[in-house]
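Structural overview for review
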Amino acid sequence: MEILRHAHSGLRWLVLLSLIIAILNAIGKTGGQKAFTDKDKRTGLFALIFTHLQLLLGLVLYFTSPKVVFSSAAMKSDVLRFFLVEHSLLMLIAVILITIGYSRSKKAQEPGKKFKSILIFYLLGLLLILVGIPWPFMDYGTSWF
Ligand code: HEM
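Reading the values: rules and limits
- One numbering rule holds for all chains: residues counted from 1, following each sequence as written.
- Per-residue local features are limited, in this predicted model, to residues with pLDDT of at least 70; the limit for side-chain atom pairs, both in listing and counting, is 80 or more; totals at the level of whole chains, interfaces and linings are taken over all residues.
- Calculation of side-chain values draws on the structure's entire complement of heavy atoms; hydrogens and water are dropped beforehand.
- To qualify as a helix, a DSSP run of H or I must reach at least 4 residues; to qualify as a strand, a run of E must reach at least 2; elements of each kind are numbered from the N terminus.
- A 1.4 Å probe rolled over the protein chains alone gives each residue an accessible area, and that area as a share of the maximum for its type sets the label: buried under 20%, exposed over 50%, partly exposed in between.
- We call two residues in contact whenever any of their non-hydrogen atoms come within 4.5 Å of each other.
- Methods summary: accessible areas were calculated by the Shrake-Rupley approach with a probe of 1.4 Å, and residue burial reflects only the protein chains presented.
- Positive residues here are Lys and Arg, negative ones are Asp and Glu, while His and the chain termini are left out of the count.
- Positions of charges follow a simple convention, taking NZ of Lys, CZ of Arg, CG of Asp or CD of Glu.
- Here, expected helix span is obtained from the residue count minus one, scaled by 1.5 Å.
- UniProt positions are given in the numbering used here, feature names are shortened, and annotations may be inferred rather than shown by experiment.
- We call an atom a donor if it is N, O or S and sits within 2.8 Å of the metal, or 3.2 Å for Na, K and Ca. Water is not counted, so some sites may look partial.
- A site with four donors is called tetrahedral when every donor-metal-donor angle falls between 85 and 135 degrees; four donors are called square planar, and six octahedral, when opposite donors sit more than 155 degrees apart and all other angles fall between 65 and 115; any other arrangement is irregular.
- By convention in this text, a residue qualifies as near a molecule or strand provided that one of its non-hydrogen atoms is within 4 Å of it.
- We call two N or O atoms a polar contact when they sit within 3.5 Å, provided that within protein one can donate a hydrogen and the other can accept it, with sequence-adjacent residues counted only if both atoms are side-chain atoms.
- Using a grid of 1 Å spacing that covers the protein atoms alone, one calls a set of points a cavity when a 1.4 Å probe fits there but cannot get out, and a pocket when the set is open and has protein on both sides within 12 Å along at least five of seven lines; lining residues are those with an atom within 4 Å of a point.
- Just a note on the criterion: a molecule sits in a pocket or cavity if more than half of its atoms are within 2 Å of the grid points.
- In this count, Pro and Cys sit with the nonpolar residues alongside Ala, Val, Leu, Ile, Met, Phe, Trp and Tyr, while Asp, Glu, Lys and Arg are called charged and the others, Gly among them, polar.
- Grid points are joined across faces, edges and corners, and a volume is the space filled by probe spheres set on the points.

Named according to an unreviewed UniProt entry, the chain is Cytochrome B originating from Fulvivirga imtechensis AK7.

Below is the structure:
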């Protein structure tokens, strides 16, 4: 399972990069003057795919990692509680937000609304992901890659 942990750790960068690109791409276009092209659609889709892949890896890790211990005692340890509850829950909410953003953008008729949905929901998702990552400088932090 060490390979999955490395994959999950490295994939964070693709998740972050693809979300930032989709957000930057939507900035300034919510007014509706710009058409929503196939390139715009692909930009949002890439971020969605990387985030969903990360969710799948995360779910496998959740049931195999030694850092996830299903016991009430685990709730008393900062590190164990972080992976059991905080990290997983924050990331799950972030993935749901990003999925809602993509699907609302797909359903919206006007280009401005399509960009707005990506901008708002992807930005909220990105913020939750940034907060939920076990960055190396935190008590329960891991590695950069
Ligand atoms: C979608 C955004 C997510 C990002 C960016 C993310 C990122 C990370 C990172 C950077 C680590 C540290 C890996 C290391 O260096 O050891 C980690 C660990 C972990 N993540 Fe996620 N994660 C995400 C979603 C999830 C979800 C949804 C779950 C569970 C349902 C999850 C479960 C775990 C577990 C159990 C670990 C600990 C693995 C171990 O060290 O044994 N992650 N995650």
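1. Observations regarding the overall build of the chain
Of regular secondary structure, the chain possesses four helices and zero strands. Going residue by residue from the N terminus, the α and β elements of the chain occur as α-α-α-α. C-alpha extents for the chain along the principal axes are approximately 55 × 25 × 25 Å. When each of the 145 residues of the chain is scored for burial, the buried share is 37%. Here the analysis covers contacts within the chain between residues at least 6 apart in sequence; of these, 70% occur between residues at least 24 apart. When the accessible area of the chain is evaluated, it comes to approximately 8500 Å², of which 72% is carbon and sulfur surface. Between the mean site of the 16 positive side-chain charges and the mean site of the 7 negative ones, the chain shows a separation of 8 Å.

2. A look at helix α2 (residues 38-62)
The end-to-end C-alpha distance of α2, which contains 25 residues, comes to 35 Å, matching closely the 36 Å that a straight helix rising 1.5 Å per residue would cover. Among the residues of α2, those classed as buried are Asp40, Thr43, Gly44, Ala47, Leu48, Thr51, Gln54, Leu57, Leu61 and Tyr62. Where α2 is buried, its residues meet α1 (2-26), α3 (78-107) and α4 (111-132).

3. Focus: the UniProt feature "transmembrane region" (unreviewed entry) in the chain
The UniProt record annotates "transmembrane region" (unreviewed entry) at residues 12-32, 44-63, 83-103 and 115-137. Span residues 115-137 is 78% helix and 0% strand, its end C-alpha atoms 34 Å apart.

4. Focus: the coordination of the iron atom of the ligand
Looking at the iron atom of the ligand, one finds its protein donor set to be His8 (NE2) and His87 (NE2), positioned 2.0 Å from the metal centre. Its six donor atoms give the iron atom of the ligand angles of 84 to 179° at the centre, a pattern that matches the octahedral case. Linking histidine 8 in helix α1 with histidine 87 in helix α3, this pair joins segments that are 79 residues apart in sequence. Of the two residues, histidine 8 and histidine 87, neither departs from the other in class, the shared state being buried.

5. Points about the site of the ligand
Close to the ligand lie 22 residues, the nearest being Arg5, His8, Ser65, Lys67 and His87. Between the ligand and the protein, one listed contact pairs an oxygen atom with a side-chain N or O atom of serine 9 at 3.1 Å. Comparing atom positions with the cavity grids shows the ligand to sit within the largest pocket. For the shell around the ligand, the elements supplying multiple residues, two or more each, are α1, α2 and α3. Element by element, the count of residues in the shell around the ligand is highest for α2, at six residues. Its residues placed into classes, the shell around the ligand shows 10 nonpolar, nine polar and three charged.

6. Structural notes on empty space enclosed by the protein
Using the criterion set out here, one finds one cavity of 30 Å³ or more in the structure. The volume enclosed by the largest cavity comes to roughly 40 Å³. Lining the largest cavity, in full, are Ala22, Asn25, Ala26, Phe36, Asp40, Thr43, Gly44, Phe115 and Ile118. Residue assignment for the lining of the largest cavity shows that the elements contributing at least two residues are α1, α2 and α4. The residue makeup of the lining of the largest cavity, split by class, is five nonpolar, three polar and one charged.

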